[in-house]
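Understanding the architecture of this molecule
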Amino acid sequence: MKKVKVILTVGVLFFGLIFQSCQKNELDPVNENENIMPERFKVDIPNSISSVSYYKDANVDTLQGNDIYEHLRTFIHIGEAAADIVGEIILVISWHNLSQPMSFTYVSDDDGRPKYVVIIENAPFEGYTWQYKMTITDEGADQNENTAMQIFWDKSPTKGIAILNPYNIDRTTDPIYAETMYRIDYSEGSEMGYTHHMIVTIDGLPLEDPLTNPYSLSTLKMFVGKNGDVVSVYGNSEHPNATFFTGEAGFDWAFTAAGKNSTDIGVAEVGLPSNTLNSSDHYTLLVENSIKNVFTEQIYAVWPWIDPETVEVYLYNTDAPGFFNQYGFIQGGTAPSPAYNSLISIIAGLTPYNPAVINELEILFDN
């Protein structure tokens, strides 16, 4: 997964230089209160449920319950890293106090190629007319090809959609990422019951060698909503090469989670349905396909004679939900303290996306 983290940092490096190649009079800086760029485009996730964890080598023992929970933190972190890029891009752009629609070409200091930038008003996309739209294309030859980035946004309340292709942002990027896309939907309009929320979608990540890392992800979609001190998260990450005991491949980390920023504690529930399961039902995704149920079924399918006590010991940390602090996974099943009780109630009302829909997910630029 190191390659994923590298590709998710490309945008920040690139856009740190984006306006250095433009003439100052093209930007027409004005008073800050006239800036058309949004001030924020991300919801911060507590470290307790979003952090780079470890990946167990495929030649080591099969994953245990605590491994499943620790991997979840990494998958959520990958989604948050994509949102960080968008936030950094918008921040850099906002420093120049763009006040009006405009277009210009500059040469990227990263790949030495010309990039064409267009900002327009009143842009329709997905059945809604946005106040502004910015499009950046590689080489600027055809705005319907080689698109690097599009942002659609409204200023008040702030909401928008950002879509990025890292290969077109910087052509020195490994071509294996040419089909990689990610998208951030952000809103402060409270239309989903949160003061602000984001939906992070990533698709087309190249899979690692399954003999080295069978748990690498190809697709992720997660919702993050914030109310006060509490952040709620739900979603799915798809792992086409993932296997556990029987050799059956193709699973989906279907998850719900909640965390508190002030105390950095978190709670999560994980299901392991097939990545082609067609269901949007909470019970099906998280109970019938819970870590413990999937592991138990597969263990007895392979070793029907195994001692039940041995199985119980192995499944010790597969109970739901999983509990976390700033250092990572603590235990499954029983809350370490009453401080977690409110978070347990929150995740009970959350449901991941349909795995079959995630399997068919596609991110496209506006033509």
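Above: the structure in question.
The sections below set out a description of the structure shown in this document. (Residues numbered from 1 in each chain as written. Predicted model: local features only at pLDDT ≥ 70, side-chain atom pairs only at ≥ 80, totals over all residues. Heavy atoms only, no water.)

**As for the nonpolar core**
Core analysis: the biggest nonpolar cluster contains 66 residues, and V233, F244, W253 and L272 have the highest contact counts within it. A per-element tally of this core places helix α4 (residues 65–94) first, with twelve residues. W130, Y194, A258 and F323 belong to the second-largest nonpolar core, a separate cluster that totals 25 residues. (Core = buried A, V, L, I, M, F, W, Y, C linked by side-chain atoms within 4.5 Å. Buried < 20%, exposed > 50% of the residue type's maximum accessible area, 1.4 Å probe, protein only. Helix = DSSP H or I, 4+ residues; strand = E, 2+ residues; numbered from the N terminus.)

**So, the packing of aromatic side chains**
Tallying each qualifying case throughout the model produces 20 aromatic pairs. When the centroid spacing of 6.3 Å and the interplanar angle of 75° are considered together, the rings of Y215 and W253 count as edge-to-face. In this pair, Y215 is assigned in the loop between β7 (196–203) and β8 (219–227) and W253 in strand β10 (residues 251–260), connecting sequence segments 38 residues apart. Site record: aromatic cluster; members linked through ring pairs are F75, Y215, F244, F245, F251, W253, F295, W303 and Y314. If you follow K221 out to its NZ or CZ, it ends over the ring of Y353, 4.7 Å from the centre. (Phe/Tyr/Trp six-rings, centres within 6.5 Å; stacked < 30°, edge-to-face > 60°. Lys NZ or Arg CZ within 6 Å of the ring centre and 35° of its normal.)

**Some words on the environment of P273**
Along the chain, the position of P273 falls in the loop between β11 (265–271) and α6 (282–288). Judged by relative accessible area, P273 falls into the buried class, the value being 0%. C-alpha of P273 to C-alpha of N354: the two residues are 81 residues apart in sequence and 9.9 Å apart in space.

In short, the description is geometric, and any link to function would need to be established separately.
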